[in-house]
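Structural features, examined
The residues making up each chain are set out below.
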Amino acid sequence: MSKTLFATFVCTLILGVAHRLPAQTELYLALSSPERVVNDINAILDLATAEEQEQKQVLNDYFDLLLDGIDSSLILKLDVLSKEEAARYRIFFPVTQKTREFRENLKGYDFLSRRDKNNASLYIIRGEYDGFLLFQLPYAILVKEEEDLNTIKVGAMNAFSVHKELEDKPEVDVILSLDNEGGDVEQRHKDFKGIEKLIKAYVTREEGESAEDFAVREATANLLISELERIYAESKSMLTTWSLPAPVVNGTFTTNVAPIAETSLAGTVNELKSHVSQFAGIPSRDDAILKARILLPVDDIRQKNMSEYFNLLKTSFDKKISDNAERSEESKRAYTEATDKFFEMLNESIKSGWLDALAQVYNNDQGRVSLAAVNSVNGEEARKILELIPKTAPGRSIEFDIDKQGDVSIHKVTLEEGALQTLQGFFGDEVVLYVGTSDKAFWAAAGANAVEELKTAITQAEAAPAQTEESKQFVDLKLTVGSWIETLHKARGDSANQKMYDFAKVAFAEGADAITLQLNQNGDLIDGDLQIEQGVLRFVAKMIADFSAENLEE
């Protein structure tokens, strides 16, 4: 059995959660059984070619070694034990009745154990890891501090059965559960810093990456971390699940979050109840290859985070323009002035208290078309940006007020031949962009019959349907991975990963290559799901088989 493999397994469990967490928080990860998870991996591999499926035996042999001494039919559970000054973990390993064999197996990884003289079921662990191992068959319980064995709840292994909503979902294989029983919300916010440090440890500067680009990636992580902190500190409960029903069609993550009253998380839910997107009347297209609809209240914290993100994004963009030796000084000045005005418009818009945005890429009867819209405090300010476009590069021009729909003025931007060439296959085949401006929104459309598609969308938005307070979808994202990978591969040129591209072409040839995410305000709760279609799982299968062949096969 590989020491590296076992160490990776244990460290992943430990380091993934073993940071400072609040005392009133019960947080755990549980597998319905290791066997079910292994079966999920095998089911995904069944989507690959016959040759790639041969790696199933290699992987299963390694799983047998990794799970040596483990009863694969029982729940495997990891608790996070929370104290203000630190956090520790407690792992429940389901074991066979052969206690000696399980301990002998640990020796191979420098986990040396000796029996405690006062407790025949307790072993002191020394070596690569210091801690304690208690046998309460059919479980071996691994902890860092002996006192953590005294706080095991009765029925601690009822990780699935305590969630009544799982009773009619026997296909759920993995759960992540968070329960905050009272306690100090502010203290939980402070204690979240440990998790923040953990996430940021994975956001490192890549070789050749500029400081400005890294700052943007870091700020992107900060936006996510801020929202995770709210959920962690301000929710009564959260349950996230993974399931892969047979036969394999889609893999599904679901989540359900119950906010604590009078917190900012509860405030988000309450504001969503009473606010309707100004683009709600535009139908959501199931046939879109890219779809993004977001309606999010922007409180002071989000406004600060977004503003910092916009500023870093602008700095990165300005640096690229400044360093471009092929551009004239006039072009650079025009670009800089235009980006100044664009990000100023964005910052003013989020001060309205809402981020309300729509983007769809789809096919009509004449070809590919793209449509986008975002709320704006004063979209007419965009005219000042458009005036600068002819100065940014030769061959670019702007025609104002070529059409009008409702209170939206439509303008035509013509780019030089070859502009954005690598993106044209995804967003459309034209080098013409139509921009709509009004006092409350900024619109854009490109591709086949773009003007009419834009005018239709504006009309639909003006006739927005009423929505109830009971339920509202506030995030709706979809990406067909195959189309996007094709575009990225073309954009990256010689730096593209040819092997991954070849995997993608085969995996997505039959379609079913979408990833979708939907989040809903449902009464006082937030719920949602992430769907991964079969083509994406087939791509994952190919990567698993390739990893196995290169790293595990003898």
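Residues numbered from 1 in each chain as written. Predicted model: local features only at pLDDT ≥ 70, side-chain atom pairs only at ≥ 80, totals over all residues. Heavy atoms only, no water.

1. Here's the deal with the overall build of the protein
Counting its regular elements, the protein contains 18 helices and 20 strands. The buried share of the protein, reckoned over its 554 residues, is 48%. Here the analysis covers contacts within the protein between residues at least 6 apart in sequence; of these, 69% occur between residues at least 24 apart. (Helix = DSSP H or I, 4+ residues; strand = E, 2+ residues; numbered from the N terminus. Buried < 20%, exposed > 50% of the residue type's maximum accessible area, 1.4 Å probe, protein only. Contact = heavy atoms within 4.5 Å.)

2. Digging into the nonpolar core
By size, the foremost hydrophobic cluster in this structure holds 64 residues, and its most contacted members are Phe93, Phe102, Leu133, Ala140, Leu142, Phe508 and Leu537. Broken down by element, this core gets its largest block of residues, 5 residues, from helix α18 (residues 534-551). The contact partners of Leu537, leaving out residues within four places of it in the chain, are Ile44, Leu47, Leu244, Val248, Val249, Asn250, Gly251 and Ile532. By size, the runner-up hydrophobic cluster in this structure holds 20 residues, among which are Tyr28, Phe132, Tyr139 and Ala156. (Core = buried A, V, L, I, M, F, W, Y, C linked by side-chain atoms within 4.5 Å.)

3. Remarks on helix α15 (residues 450-462)
Taking 1.5 Å of rise per residue, the 13 residues of α15 would be expected to cover 18 Å, and the 19 Å separating its terminal C-alpha atoms lies within 8% of that figure. Those residues of α15 not exposed but buried are Ala450, Val451, Glu453, Leu454, Lys455, Ala457, Ile458 and Ala461. Against β12 (354-364), β13 (367-375), β14 (397-405), β15 (408-414), β16 (432-437) and β17 (441-447) lie the buried residues of α15. (Expected span 1.5 Å × (residues − 1).)

4. A look at the pattern of salt bridges
Counting across every chain of the model gives 29 salt bridges. A salt bridge links Asp79 to Lys77; its shortest N-O distance comes to 2.4 Å. With a relative accessible area of 2%, Lys77 lands in the buried category. Through salt bridges that share partners, Glu227, Arg230, Asp299 and Arg302 make up one connected network. (Salt bridge = Lys/Arg side-chain N within 4 Å of Asp/Glu carboxyl O.)

5. Observations regarding a negative patch on the surface
A surface patch of negative charge is lined by Asp61, Asp64, Asp68 and Glu101. For Asp61, the position within the fold is in helix α4 (residues 55-66). (Patch = residues over 30% accessible without salt bridge, like charges linked within 9 Å, V, L, I, M, F, W, Y side chains within 5 Å. Areas by Shrake-Rupley, 256 points an atom, 1.4 Å probe, with all protein chains shown as cover. Lys, Arg positive; Asp, Glu negative; His and termini not counted. Charge placed at Lys NZ, Arg CZ, Asp CG, Glu CD.)

6. A few points about a positive patch on the surface
On the surface, a cluster of positive charge is made up of Arg114, Lys117, Arg126 and Lys144. Tracing the chain through its elements places Lys117 in the loop between β4 (111-116) and β5 (119-127).

7. Concerning the packing of aromatic side chains
Tallying each qualifying case throughout the model produces 14 aromatic pairs. Here Trp242 and Phe253 contribute two aromatic rings whose centre-to-centre distance is 4.7 Å and whose plane-to-plane angle is 45°, an arrangement assigned as tilted. In this pair, Trp242 is assigned in strand β9 (residues 235-243) and Phe253 in strand β10 (residues 250-259), connecting sequence segments 11 residues apart. Here a set of aromatic residues connected by ring pairs shows up, and it is made of Phe93, Phe102, Tyr123 and Phe135. Note that Lys144 overlies the ring of Tyr129, its terminal NZ or CZ placed 4.9 Å from the centroid. (Phe/Tyr/Trp six-rings, centres within 6.5 Å; stacked < 30°, edge-to-face > 60°. Lys NZ or Arg CZ within 6 Å of the ring centre and 35° of its normal.)

8. A word on the pairing of strand β6 (residues 131-136)
β6 sits mainly inside the fold: 5 of its 6 residues count as buried. Sheet analysis places β5 next to β6, joined by 4 bridges and oriented antiparallel. The residue bridging Ile124 from the neighbouring strand is Phe132, located in β6. The loop that links β5 with its antiparallel partner β6 comprises 3 residues. Of the strand pairs in this sheet, β6 and strand β7 (residues 139-143) are connected by 5 bridges, and their pairing is antiparallel. Across the sheet, residue Leu134 finds its bridge partner in β7, namely Ile141. Adjacent in sequence and paired antiparallel, β6 and β7 are bridged by 2 residues. (Pairing = 2+ DSSP bridges.)

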